[in-house]
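Here's the letter readout for the chains.
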Amino acid sequence: MTSFLTPVRAWHRPLVVCAALMLGLVLVSGVGTVVDGRTLLDESVWVKPLKFGFAFGLYAVTLAWLLTKLTRGRRLGRWLGTVFAVAATVEVGAITAQAARGTFSHFNADQTDPVTLALVPLLTFGVMVIVIAQLVLAIVVLIQRTGGAALNRAIRSGLALATFGMIVPVFWMVTEIHSRTVTDANGHSVQMYQGHGIGDPDGHGMPLTNWSVTGGDFRVPHFFALHGIQVLLLITVVLAALAAEHVWLRDEKVRARLVGSVVLGYTGLVAVVTWQAWRGQSLIHPDTATLLAVVAVLLLTVGTTARVIVTAKRATAERATAQPAENPEPYHPAR
């Protein structure tokens, strides 16, 4: 557990500030969804800032902690962290500004609105800066060991998943072109060059997430992949805590193998939901092929996890049995 315990004052300050700003935005947006009745495509204008504030805040605080674990490339890592914090703040700031104005941020092709014309380039290039910073950060982490075997595997795999999750939006921005005209919260017609849905550009989605229920949606794999690192770190923490009660978990290699099993299953899940979205299928309306893929991932994950647990318990039992023979009690002749 000590490998996780880094004083907050040592965390990357710009990313901590970014996370604090995002938390404030979540609170403000939460109030906005209640008191402001304006909507964009049937959801509150404040839902998008709320979601982006939560996602970037959670990821920023994770990176702020992660950068304290760097042993090589520390200066480059901290510089990239600052770039990420600034780019994320600008990106979400532009999203919030457009939401407050009652109009669309991403995919907005309105050539008559000067504010939109000024903000859209920030949104477009901001995504690219964030993705590039993430890619280089992932490489910096890959060239070093950031902790024990379990923590190291969780961080590396989590960053790889997060990088994929950030690339997915870039992919759909350049491949899914669906030009159309929609109405914003002010009743103005706005030209859009794209949407989130695959097969149904505007989504017609679930509450809060707004993931499409009538077609595929690349926001699903984007979300799962982006937040995989938090899931893996949480699993690593739980395993370290359980090691105090279970002898077979005290071997670092065993915990690393269990984290590896979770990585296998989570990566499989991300692959399935990406494939599902690509085929224009809603997350909550899977067909037989999708269900079979999920079952296959589940069985593989359970099988590898069970094998690690059984092997570890057997090795622990064998060591316990061999211990008395290796260290026999001293012989005391009868007096």
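Each remark here, short or long, concerns the structure printed above.
As the structure is a computational prediction, the values presented were derived from the model and not from experiment.

1. A word on the environment of Gln 276
Phase 1: Position of Gln 276 among the secondary structure elements: in helix α8 (residues 252-278).
Phase 2: On the basis of relative accessibility, which here comes to 4%, the residue Gln 276 falls in the buried class.
Phase 3: Considered as a pair, Gln 276 and His 227 are 49 residues apart in the sequence and their alpha carbons are 19 Å apart.
Phase 4: Not counting residues within four places of it along the chain, the set of residues in contact with Gln 276 comprises Gln 281, Ser 282, Leu 283, His 285, Pro 286 and Thr 290.

2. Looking at the packing of helix α6 (residues 219-226) against helix α7 (residues 228-242)
Phase 1: Contact geometry of α6 with α7 gives a least axis separation of 4 Å together with a crossing angle of 35°. Facing Phe 224, Ala 225 and Leu 226 of α6, the residues of α7 in contact are Gly 228, Ile 229 and Gln 230.
Phase 2: Grouping the constituent residues of the contact of α6 with α7 by class yields 4 nonpolar, 2 polar and no charged.

3. Overview of helix α3 (residues 74-100)
Phase 1: Along its 27 residues, α3 runs 38 Å from first to last C-alpha, staying within 8% of the 39 Å computed at 1.5 Å per residue.
Phase 2: Two residues or fewer past α3, Gly 102 is found with a positive phi of approximately 80°.

4. Some thoughts on the pattern of salt bridges
Phase 1: The full count for this structure, using the stated rule, is 5 salt bridges.
Phase 2: Residues Asp 217 and Arg 219 are paired through a salt bridge, measuring 2.7 Å at the closest nitrogen-oxygen approach. Grouping residues by exposure puts Asp 217 and Arg 219 together as buried.
Phase 3: A salt bridge links Glu 252 to Arg 255, with the shortest nitrogen-to-oxygen separation between them at 2.5 Å. In this pair, Glu 252 and Arg 255 both sit in helix α8, 3 residues apart, roughly one turn of the helix.
Phase 4: For Glu 252, a relative accessible area of 27% gives the class partly exposed.
Phase 5: Among the residues examined, Arg 255 registers a relative accessible area of 12% and is labelled buried.

5. Observations regarding the pairing of strand β3 (residues 180-183)
Phase 1: The two faces of β3 differ: Arg 180 and Val 182 on one face are buried, but Thr 181 and Thr 183 on the other face are not.
Phase 2: Joining the antiparallel neighbours β3 and strand β4 (residues 189-192) is a turn of 5 residues, in which Gly 187 adopts a positive phi near 85°.

6. Section: the nonpolar core
Phase 1: By size, the foremost hydrophobic cluster in this structure holds 62 residues, and its most contacted members are Leu 15, Tyr 59, Leu 63, Phe 84, Ile 155 and Leu 159.
Phase 2: By residue number, the principal contributor to this core is helix α5 (residues 149-175), which donates 9 residues.
Phase 3: Non-local contacts of Phe 84, meaning those with residues more than four positions away in its chain, are made with Leu 15, Phe 56, Tyr 59, Leu 63, Ile 130, Gln 134 and Met 166.
Phase 4: Counting residues in hydrophobic clusters, the runner-up holds 13 residues, among them Trp 46, Phe 104, Val 168 and Val 190.

7. Some details on the side chain of Ser 212
Phase 1: Here Ser 212 is to be found in the loop between β5 (197-198) and β6 (216-217).
Phase 2: Classification of Ser 212 by relative accessible area gives buried; the value is 1%.
Phase 3: Within the structure, the side chain of Ser 212 is placed 3.1 Å from the backbone nitrogen of Thr 214, a separation counted as a polar contact.

8. Focus: the packing of α7 against α8
Helix-helix packing: each pair is described by the crossing angle between the helix axes and the interaxial distance.
Phase 1: Following both chains from N to C, one finds α7 and α8 inclined at 150°, their axes separated by 10 Å at the closest point. As judged from the angle between their axes, α7 and α8 are roughly antiparallel. For α7 against α8, the interelement crossing comes out right-handed. Residue-level inspection shows Gly 228, Val 231, Leu 232, Ile 235, Thr 236, Leu 239 and Ala 240 of α7 in contact with α8, the latter providing Arg 255, Leu 258, Val 259, Val 262, Val 263 and Tyr 266.
Phase 2: Of the residues assigned to the contact of α7 with α8, the class counts are 10 nonpolar, 2 polar and 1 charged.

9. Thoughts on the environment of Ala 85
Phase 1: Residue position: Ala 85 is located in helix α3.
Phase 2: Sequence separation between Ala 85 and Gly 57 is 28 residues; the distance between their C-alpha atoms is 9.8 Å.
Phase 3: Not counting residues within four places of it along the chain, the set of residues in contact with Ala 85 comprises Pro 14, Leu 15 and Cys 18.

10. A few points about helix α4 (residues 114-142)
Phase 1: Helix length check: α4, at 29 residues, gives a terminal C-alpha distance of 43 Å against a target of 42 Å (1.5 Å per residue), a fit within 8%.
Phase 2: Regarding α4, its N-cap is Asp 113, as a side-chain oxygen of that residue lies 3.2 Å from the backbone nitrogen of Val 115 further along.

11. Notes on the environment of Thr 103
Phase 1: Inspection of the secondary structure puts Thr 103 in the loop between α3 and α4.
Phase 2: As for Thr 103 and Gly 260, which are separated by 157 residues in sequence, their C-alpha atoms are 44 Å apart.
Phase 3: The contact partners of Thr 103, leaving out residues within four places of it in the chain, are Leu 40, Gln 98, Asn 108, Thr 116, Asp 184 and Val 190.
Phase 4: Within the structure, the side chain of Thr 103 is placed 3.4 Å from the side chain of Asp 184, a separation counted as a polar contact.

Thresholds applied
Residues numbered from 1 in each chain as written. Predicted model: local features only at pLDDT ≥ 70, side-chain atom pairs only at ≥ 80, totals over all residues. Heavy atoms only, no water. Helix = DSSP H or I, 4+ residues; strand = E, 2+ residues; numbered from the N terminus. Buried < 20%, exposed > 50% of the residue type's maximum accessible area, 1.4 Å probe, protein only. Contact = heavy atoms within 4.5 Å. Axes fitted to C-alpha atoms, helices over the stretch in contact; angles between N-to-C directions. Nonpolar A, V, L, I, M, F, W, Y, C, P; charged D, E, K, R; others polar. Expected span 1.5 Å × (residues − 1). Salt bridge = Lys/Arg side-chain N within 4 Å of Asp/Glu carboxyl O. Pairing = 2+ DSSP bridges. Core = buried A, V, L, I, M, F, W, Y, C linked by side-chain atoms within 4.5 Å. Polar contact = N/O pair within 3.5 Å; in protein donor to acceptor, adjacent residues only side chain to side chain. Parallel < 35°, antiparallel > 145°, perpendicular 65-115°, else oblique. Left-handed = near helix turned anticlockwise from the far one by under 90°.

Honestly, that's just the spatial picture; any functional story needs more than this.
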